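Overview (structure and organization)
Okay, here's what each chain looks like letter by letter:
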Amino acid sequence: MHHCIYPGTFDPITNGHLDVLARAAKLFDHVTIAIARSSTKAPFFSVELRLSMVQATIKDLPNVSVTVFDGLLVDFALAQNAQAIIRGLRALSDFEFEFNMALMNRHLQPALETLFVMPSEQFSYTSSTLVKQVAKYGGDVSHFVPPIVATALKRAAESRGHID
């Protein structure tokens, strides 16, 4: 396989995301990280800040690029000439949502495959939501996110008194 899309809000990108990305980068000639501009998740960080944080964390991965997208993921993937979508599965609780999404994507575009990649065990419980929650109360998130993200979370918590 040549090219895959790794989509998400990456709000913020975590070490778990980077672990899944490194695995995908070994399997594919090129990986495009696709940051969803609009989301039902109401991202904490602006899309511009998420983009810059991801760019800073992937500079040592020559076959990885990052961009922002709107609309249907399958339309974006086809426009990028991708053959697959990569999704991370941390635990069984992720599976039902991801499975349903993969089936819908297959219905919309049968030629596009969805591949599930499991992160290393040490990242199996890490999520952007949990990281933001820990940072909100002043907890140390440096083991869960790249340094640039830890700094951004700390700055946000200090400037607001907490992260909402």
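Residues numbered from 1 in each chain as written. Predicted model: local features only at pLDDT ≥ 70, side-chain atom pairs only at ≥ 80, totals over all residues. Heavy atoms only, no water.

The name that an unreviewed UniProt entry assigns to the protein is Phosphopantetheine adenylyltransferase, with the source organism given as Cephaloticoccus primus. According to UniProt, the comment filed for the protein under the heading Cofactor (unreviewed entry) is "Mg(2+)". The UniProt entry for the protein carries this comment under Subunit (unreviewed entry): "Homohexamer." (UniProt positions renumbered as here; feature names shortened; annotations may be inferred.)

A few words on the layout of surface pockets. Counted as a void, the largest pocket has a volume near 1200 Å³. Together, 43 residues line the largest pocket, and Gly8, Thr9, Lys41, Arg87 and Phe97 are the ones closest to its centre. Listed by contribution, the elements that provide at least two residues to the lining of the largest pocket are β1 (3-8), α1 (15-27), α3 (73-79), β4 (84-88), α4 (92-108) and α5 (128-136). No other element matches α4, which puts 8 residues into the lining of the largest pocket. (1 Å grid on protein atoms, 1.4 Å probe; cavity = no way out; pocket = protein on both sides within 12 Å on 5 of 7 lines; lining within 4 Å. Points joined across faces, edges and corners; volume = space filled by probe spheres on them. Helix = DSSP H or I, 4+ residues; strand = E, 2+ residues; numbered from the N terminus.)

Next up on the list: the pattern of salt bridges. A complete count under the given rule lists 5 salt bridges for this structure. The partner of arginine 23 in a salt bridge is aspartate 19, with the nearest N and O atoms 3.0 Å apart. Placement of both arginine 23 and aspartate 19 in helix α1 is noted, with a separation of 4 residues, approximately one turn of the helix. According to the relative accessible area criterion, arginine 23 is partly exposed, its value standing at 33%. A salt bridge links aspartate 94 to arginine 90; the shortest N-O distance between them is 3.1 Å. By relative accessible area, aspartate 94 is classed as buried at 13%. (Salt bridge = Lys/Arg side-chain N within 4 Å of Asp/Glu carboxyl O. Buried < 20%, exposed > 50% of the residue type's maximum accessible area, 1.4 Å probe, protein only.)

Attention now moves to the environment of methionine 101. Mapped onto the elements, methionine 101 comes out in helix α4. Classification of methionine 101 as partly exposed rests on a relative accessible area of 25%. Separated by 48 residues in the primary sequence, methionine 101 and methionine 53 place their C-alpha atoms 26 Å from one another.

Attention shifts here to the packing of aromatic side chains. Enumeration according to the criterion identifies 6 aromatic pairs in this entry. Each ring, one from tyrosine 6 and one from phenylalanine 10, has its centre 5.3 Å from the other, and the planes form 85 degrees; the classification is edge-to-face. With relative accessibility at 4%, the residue tyrosine 6 sits in the buried group. Judged by its relative accessible area of 2%, phenylalanine 10 falls in the buried class. Ring centres 5.3 Å apart and planes at 25 degrees place the aromatic pair phenylalanine 95 and phenylalanine 99 in the stacked group. Residue phenylalanine 95 and its partner phenylalanine 99 are located together in helix α4, separated by 4 residues, close to a single helical turn. With a relative accessible area of 34%, phenylalanine 95 lands in the partly exposed category. (Phe/Tyr/Trp six-rings, centres within 6.5 Å; stacked < 30°, edge-to-face > 60°.)

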